[in-house]
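If you want the building blocks of each chain, they are given just below.
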Amino acid sequence: MRAIVPIKQILDPTGFAVHRRLERIFINREDYIINPNDKNALEETLRLKDAHGVEVIALSLGEPRVDDALREALAMGADQAFLLTDEAFAEADAAAAALILAKAIEKIGDYDLILTGQRAMDTGASQIGPRLAEYLGLPQVLEVREVSGLSNGKLRAKRNWKGGYAEVEVGLPVLLSIAPQANEARYPHGARIMNAYREWEISTWGLADLGLAEEELSPLIGLRRKAFPPERTFGELITGAPGEAAKELAQLLREVGSWKLESGG
Amino acid sequence: MDLEYWELLTGEAIEEEEIVCRDIWVVAEVKDGALTPISLEMVGKARELAAALGAYVQSVLLGEGLESLAQELIHRGANGVYLADDPRLVEYHLETYAEILSGLFQAKKPEIILFGATELGQELAPRLAQRLGTGLISDCLDLSIDETERVLLATHPVYGGEYFHVSTFLGAKPQIATVRPGAFRLPFADEYGSGEMEKIAVNLEGIEGKVKVLSVSTGEAQPQVPLSKARVVVAGGRGLGDAEGFALVEELAEALGGQVAGSRGALDEGWIGQERQVGLSDVTVKPDLYIACGIWGDVHHYFAMQEAKFVVAINKNPEAPIFKVADIGIVSDPKEIIPLLLSELRAG
Ligand SMILES: Cc1cc2nc3c(=O)[nH]c(=O)nc-3n(C[C@H](O)[C@H](O)[C@H](O)COP(=O)(O)OP(=O)(O)OC[C@H]3O[C@@H](n4cnc5c(N)ncnc54)[C@H](O)[C@@H]3O)c2cc1C
Ligand SMILES: Nc1ncnc2c1ncn2[C@@H]1O[C@H](COP(=O)(O)O)[C@@H](O)[C@H]1O
């Protein structure tokens, strides 16, 4: 059985600071990481490898540096990796990215499962998974907390649903998006890290390899500008002994509030 | 616009390409027999957008026995409601819902379609955007119309809300957006508001749900008033130390007639469930009064409560960033302050 895991490399958010008043983003350290939630998708897939011998293929669309993310995936336990990179991919929006990934998935072929993250931290979009499923004509199960069974061409999963869970069953092939709460992703294996750079070949595919034409990737969505949340003004501190402070606060709440204060209880 | 009527008037048949995309569509959601608040919030916002476009607000409902809900959508501002009334639609299945909606949208050619950024919206909106070959902007916190170009502008969080992108559509129609619950106010109900209801033919031949639901279990108790609507929210964080400390937050919330919420810290400690975690990916609140007890106040938390009208912070660490966003701050242990505050409040 074969599972394909699309992973995204993103700018490490701990390396930049947002200055609201200046409306600017200061990049202190330009590091790139695997979208944390995609590690959950990879982990869930690696568990299927451990339990059922599923072959795990990692796939990433991005700049050539995305190679690092794929080698990390290999070090974690993926069996093969594909890098989708081309100057023509640079402006890809969700629709274009889904098309590129879908073409690559078709080219890899013979898959039973596709596992994506529930959402990429940078875009927050939760679009790529369902778009892929629609393009490939697959059923989808989103926000999966646990893949609880895999047998006879059927998969069982527990997904977030209406504040609780639903246990569902679906035939293969299927696309799953994995919730961040699903698991703790494993660390890359020491020996495999060394091998990741020495032994593994990562195939790279561009526009022509995927049989795509540049016009097919025209973006549907464009960025107008960035916006920043307003800075809040500093408030007042109540100092003094706890008893006094509580008294003052109670008084303030009565003055400020149009809310109903219930006595007793 | 009724195209047949147009054809009658002008005597000319309209070519497929010439059909202009018009109207703003809201995909309403039903839960436990009632419309979800986000459905109504979207209708309210759609009215504003429709005024800028000179368009109508249409809504669509899927399920069974939906007339009274359709009436409510009309009272809240929808000009028309399409009903897909069929027992096969009572249970949600992606395949059937997507079939009905894509058929409807292909026939009616909306200019804009709004879904809630809910489980249902996240299931359906990207699949329909893909099927209709169009763009989608997810999880919008604000929407407006650029009138010179007649396109939708959407503000949505990036990096979990560190900042926002204002994005727009580059031509393809319909323009689809999912809208964050609680981002817009509920529109007033106007009992005299009128509009049209139309049943649509439900043809699901050969279409069936591919995901079988074996069992559903409810999660932790849901807040009685949705947190996003609560006027008073008392939230606790790890600074309360233990479950006993957190119980003080519950007591204060009760005394103030408010709702209990918490930070990630409180969630991690198991004092609250996810449905009470204040955060951009969980619950955005905009109460009149927000009391943060033992909460550090990182951006992740702050973004989700920044629209609170009045913020009180109680934290023993004067460095806590929550003080920067508080109208009133008390640098003290909340476990000491809350009992004192309660007795002051009760003393009247
Ligand atoms: C990607 C991402 C998304 C996130 N999303 C959210 C979100 O949506 N909502 C959210 O709330 N957070 C979110 N967080 C976490 C957020 O950054 C903070 O870590 C979290 O809000 C802190 O919770 P807290 O204030 O309860 O706890 P803390 O920061 O741990 O502590 C609060 C206060 O209590 C004190 N304190 C800590 N431990 C104790 C103790 N044992 N006894 C007594 N005092 C103590 C501290 O000094 C501090 O003043 C997110 C983080 C990441 C990385
Ligand atoms: N450039 C990319 N390369 C590979 N996978 C991606 C890429 N972008 C998104 N994905 C996958 O799609 C999921 C959802 O992304 P998004 O729709 O942007 O929230 C991610 O968690 C990844 O699994």
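Small disclaimer: the values here were computed from a predicted structure and weren't measured.

Asker: Which parts of the structure should I look at to understand the packing of helix H3 (residues 94-108) of chain A against helix H4 (residues 128-136) of chain A?
Answerer: Working note: a packed helix pair is described by the angle between its axes plus the distance between those axes. Residue and element names in this part refer to chain A. Between H3 and H4, whose axes approach to 9 Å, the crossing angle comes to 55°. In this view, H3 runs oblique relative to H4, as classed from their interaxial angle. When the axes of H3 and H4 are compared, the crossing they make is right-handed. Facing H3, whose interface residues are Ala94, Ala95, Ala97, Ala98, Leu99, Leu101, Ala102, Lys103, Ile105 and Glu106, H4 presents Ile128, Arg131, Leu132, Tyr135 and Leu136. The residue inventory of the contact of H3 with H4, partitioned by class, reads 12 nonpolar, no polar and 3 charged.

Asker: Is there a simple way to explain the site of ligand 2 in this structure?
Answerer: All names here are of chain A. Near ligand 2, the surroundings consist of 18 residues, among which Pro6, Asp38, Thr123, Ser126 and Gln127 are the closest. Within the backbone of Pro6, a nitrogen or oxygen atom sits 2.7 Å from an oxygen atom of ligand 2. Contacts to ligand 2 include Ala120, whose backbone N or O atom sits 2.8 Å from an oxygen atom. Notes on ligand 2: free accessible area 490 Å², of which the protein chains cover 96%. If one sorts the elements of the shell around ligand 2 by residue count, strand S6 (residues 55-61) sits on top with 3 residues. When its residues are assigned to classes, the shell around ligand 2 shows 8 nonpolar, 7 polar and 3 charged.

Asker: So what exactly am I meant to see when it comes to the pairing of strand S7 (residues 80-84) of chain A here?
Answerer: Successive residues of a regular strand alternate their side chains across the two faces of the sheet. All names here are of chain A. Burial analysis of S7 places 4 of its 5 residues in the buried class, the great majority of the element. Of the strand pairs in this sheet, S6 and S7 are connected by 5 bridges, and their pairing is parallel. Directly across from Ser60, in S7, lies its bridge partner Leu83. Note on the crossover from S6 through helix H2 (residues 67-76) to S7: the handedness is right-handed.

Asker: Any chance you could explain the confidence of the model for chain A here in plain terms?
Answerer: Parts of the model with low pLDDT should not have their predicted coordinates read in detail. Confidence in the prediction for chain A averages 92 pLDDT; 95% of positions are at 70 or higher. Between residues 258-265 of chain A, whose pLDDT stays under 50, and residues either more than four places distant or in other chains, the model counts 18 contacts.

Asker: Got a minute to help me understand the interface of chain A and chain B in this structure?
Answerer: Reports often express the size of an interface as the amount of accessible area lost when the parts come together. Facing 79 residues of chain A, the contacting portion of chain B comprises 87 residues. Summed over both sides, the interface of chain A with chain B buries roughly 7100 Å², with 56% coming from carbon and sulfur. Glu149 of chain B is the salt-bridge partner of Arg224 of chain A, the closest N and O atoms lying 3.5 Å from each other. At the boundary of chain A with chain B, the tally comes to 31 residue pairs in polar contact (both at pLDDT 80 or more). Tallying contributions element by element places helix H6 (residues 242-256) of chain A first for the side of chain A that touches chain B, with 11 residues. Residue composition of the side of chain A that touches chain B, by class: 42 nonpolar, 17 polar and 20 charged. Summarising the sheet, strand S14 (residues 221-227) of chain A and strand S10 (residues 163-169) of chain B pair through 6 bridges and their orientation is antiparallel. In the strand pairing of S10 of chain B, Arg225 of chain A is matched with Val166 of chain B.

Asker: Would you explain the packing of aromatic side chains in this entry?
Answerer: For any pair of aromatic rings, the description rests on two quantities: the centre-to-centre distance and the angle between the ring planes. In this structure the tally under the stated criterion is 10 aromatic pairs over all chains. For the ring pair Phe164 of chain B and Phe303 of chain B, a centre distance of 5.9 Å and an interplane angle of 70° mean the geometry is edge-to-face. Within this pair, whereas Phe164 of chain B is found in strand S10, its partner Phe303 of chain B is found in the loop between helix H8 (299-302) and strand S17 (310-315), the two being separated by 139 residues in sequence. The exposure classification of Phe164 of chain B matches that of Phe303 of chain B, with both residues buried. Taken together, the aromatic side chains of Trp161 of chain A together with Tyr92 and Tyr97 of chain B make up a single cluster linked through ring pairs. Across the ring face of Tyr197 of chain A, the terminal group of Arg71 of chain A is positioned such that the distance to the ring centre comes to 5.4 Å.

Rules and cut-offs
- Residues numbered from 1 in each chain as written.
- Chains lettered and ligands numbered in written order.
- Predicted model: local features only at pLDDT ≥ 70, side-chain atom pairs only at ≥ 80, totals over all residues.
- Heavy atoms only, no water.
- Axes fitted to C-alpha atoms, helices over the stretch in contact; angles between N-to-C directions.
- Helix = DSSP H or I, 4+ residues; strand = E, 2+ residues; numbered from the N terminus.
- Parallel < 35°, antiparallel > 145°, perpendicular 65-115°, else oblique.
- Left-handed = near helix turned anticlockwise from the far one by under 90°.
- Contact = heavy atoms within 4.5 Å.
- Nonpolar A, V, L, I, M, F, W, Y, C, P; charged D, E, K, R; others polar.
- Near = heavy atom within 4 Å.
- Polar contact = N/O pair within 3.5 Å; in protein donor to acceptor, adjacent residues only side chain to side chain.
- Areas by Shrake-Rupley, 256 points an atom, 1.4 Å probe, with all protein chains shown as cover.
- Buried < 20%, exposed > 50% of the residue type's maximum accessible area, 1.4 Å probe, protein only.
- Pairing = 2+ DSSP bridges.
- Right-handed = clockwise from strand over helix to strand, strands pointing away.
- pLDDT = per-residue confidence, 0-100.
- Buried area = accessible area lost by both parts, 1.4 Å probe.
- Salt bridge = Lys/Arg side-chain N within 4 Å of Asp/Glu carboxyl O.
- Phe/Tyr/Trp six-rings, centres within 6.5 Å; stacked < 30°, edge-to-face > 60°.
- Lys NZ or Arg CZ within 6 Å of the ring centre and 35° of its normal.

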